[in-house]
Amino acid sequence: MAEEIKSTRRNSAGLMRDLEVLEVLASPEALGNHGLGVTRVAEMTERDKGQISRTLATLADAGFVQRERGSSKYQLGYQLYALASRTTEARLVEESGRFLRKVVNLTHETTHLCVLRGGNVLTLKSEMSNHAFRGVGWEGVSVAALRTSSGRALLSDWNEAEVREWYAEHARDSLVIAPEVGRLFGQQSSFPSIDSVSTRAKINNLEELLVELAHIREQGYATVDEEFELGLVGASAPIRDHSNRVIGVINVSAPKTRIASQLDQVGEIVTRVGNELSKHLGAKVGAL
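A quick note: this is a predicted structure, and the numbers were derived from the prediction, not measured.

Student: Help me get a handle on the overall build of the chain, residues and values and all.
Tutor: A tally of helices and strands in the chain yields 11 helices and eight strands. The buried share of the chain, reckoned over its 288 residues, is 43%. For the chain, the proportion of contacts with a sequence separation of at least 24, taken over those separated by at least 6, is 61%. Counting only carbon and sulfur atoms, one obtains 50% of the accessible surface of the chain, whose full area is about 15700 Å².

Set out below in structure tokens:
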């Protein structure tokens, strides 16, 4: 029993030393210098340089730190950001339920929680309306961001350089990226058929996208009118975290015959509820 306790303590001490290295790489000095070398990490942790070198190599193998080719500096790695992203999304799904239901009660339309994943829009959660046609099959499905109100709202707090880079890579993405995901869970398909795919794109170049994103920032929400699918309109508003960064959107999409005349009203509703959820997550709503 005593040996087990000693072993646990040794493992805990090793973990604490690894966490100390990660905290150093998250320091203002490390972030400002795009990483730190082994010598500087050893100085800041007051540990042996050889020990730090081995620790960094182990963390790099696991993806928790990374070193750019041709550089001696280490930075926080992709695996940390991936874990943080999943944690953020898990909390977002957990906390969003009552806010999505509020939108459903106010609009009588099915409401979705969406995030940007791999440059495209992924639906994490849907709350179905009891009073309207129930669209099914969108949870777990990725769609192109450019032709959706969700995608534009998610891009709305990016700077111009980030938008340009995104546009170069994703401007020609297929409308539906991964419809098979929803079917894995036995959901019926409600994806656009070839006959119903819209050709009414409002955004046809980068400059038009930049103008639209500026309008969304000023207005507080994004709308689309038959740009994704003929007969379908939608409105989306950002959800922000404690740093006021956009981490998701609340979206309402419905037949044009039902909500077209009230689309801006729907936009104002998702904006108000999105701000309430953002405030609940620690955002400074007054600074939005």
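Back to the write-up after that little detour.
Student: Outline the sheet that holds strand β6 (residues 222–225), supporting the account with residue identities and numerical values.
Tutor: One open sheet holds the six strands; their spatial order is β5-β4-β3-β8-β7-β6, and the pairing between them is antiparallel. Either end of the sheet is taken by a strand with one partner, and the two such strands are β5 (142–143) and β6. Bridge analysis of strand β4 (residues 120–127) against β5 gives two bridges, and the strand direction is antiparallel. Opposite Leu122, over in β5, you have Ser142 as the bridge partner.

Student: Outline the packing of helix α3 (residues 38–45) against helix α4 (residues 49–61), supporting the account with residue identities and numerical values.
Tutor: Any two packed helices are characterised by how steeply their axes cross, that is the angle between the axes, and by the distance between the axes. Their axes nearest at 9 Å, the elements α3 and α4 cross at an angle of 110 degrees. The angle between α3 and α4 falls in the class roughly perpendicular. α3 and α4 meet at a crossing whose hand is right-handed. Mapping the contact onto sequence places Val38, Thr39, Val41, Ala42 and Thr45 in α3 and Lys49, Ile52, Ser53 and Leu56 in α4. For the contact of α3 with α4, the residue count by class is five nonpolar, three polar and one charged.

Student: Go over the pattern of salt bridges with me, naming the residues and quoting the values.
Tutor: Taken as a whole and judged by the stated rule, the model has 15 salt bridges. Residue Arg40 is joined to Glu43 by a salt bridge in which the shortest nitrogen-to-oxygen separation is 3.1 Å. With Arg40 and Glu43 both in helix α3 and three residues apart, this pair spans about one turn of that helix. Overall, the relative accessible area of 32% leaves Arg40 in the partly exposed class. Beyond isolated ion pairs, a larger network of salt bridges with shared partners links Glu29, Arg40 and Glu43.

Student: Kindly report on the nonpolar core, identifying the contributing residues and their values.
Tutor: In terms of nonpolar packing, the biggest core is built from 24 residues, with Leu92, Ile239 and Ile250 touching the most fellow members. Of all the secondary-structure elements, those providing two or more residues to this core are α5 (78–107), β3 (111–117), β7 (232–240), β8 (246–255) and α11 (263–280). Looking at this core element by element, the count peaks at six residues for α11. If we skip the residues at most four places from it in the chain, Ile250 touches Leu100, Val103, Thr111, His112, Ala235, Ser236, Ala237, Ile239, Val270, Val273 and Gly274. Among the nonpolar cores identified, the runner-up in size contains 22 residues, and Cys114, Trp166, Leu213 and Ala222 belong to it.

Calculation criteria
Residues numbered from 1 in each chain as written. Predicted model: local features only at pLDDT ≥ 70, side-chain atom pairs only at ≥ 80, totals over all residues. Heavy atoms only, no water. Helix = DSSP H or I, 4+ residues; strand = E, 2+ residues; numbered from the N terminus. Buried < 20%, exposed > 50% of the residue type's maximum accessible area, 1.4 Å probe, protein only. Contact = heavy atoms within 4.5 Å. Areas by Shrake-Rupley, 256 points an atom, 1.4 Å probe, with all protein chains shown as cover. Pairing = 2+ DSSP bridges. Axes fitted to C-alpha atoms, helices over the stretch in contact; angles between N-to-C directions. Parallel < 35°, antiparallel > 145°, perpendicular 65-115°, else oblique. Left-handed = near helix turned anticlockwise from the far one by under 90°. Nonpolar A, V, L, I, M, F, W, Y, C, P; charged D, E, K, R; others polar. Salt bridge = Lys/Arg side-chain N within 4 Å of Asp/Glu carboxyl O. Core = buried A, V, L, I, M, F, W, Y, C linked by side-chain atoms within 4.5 Å.

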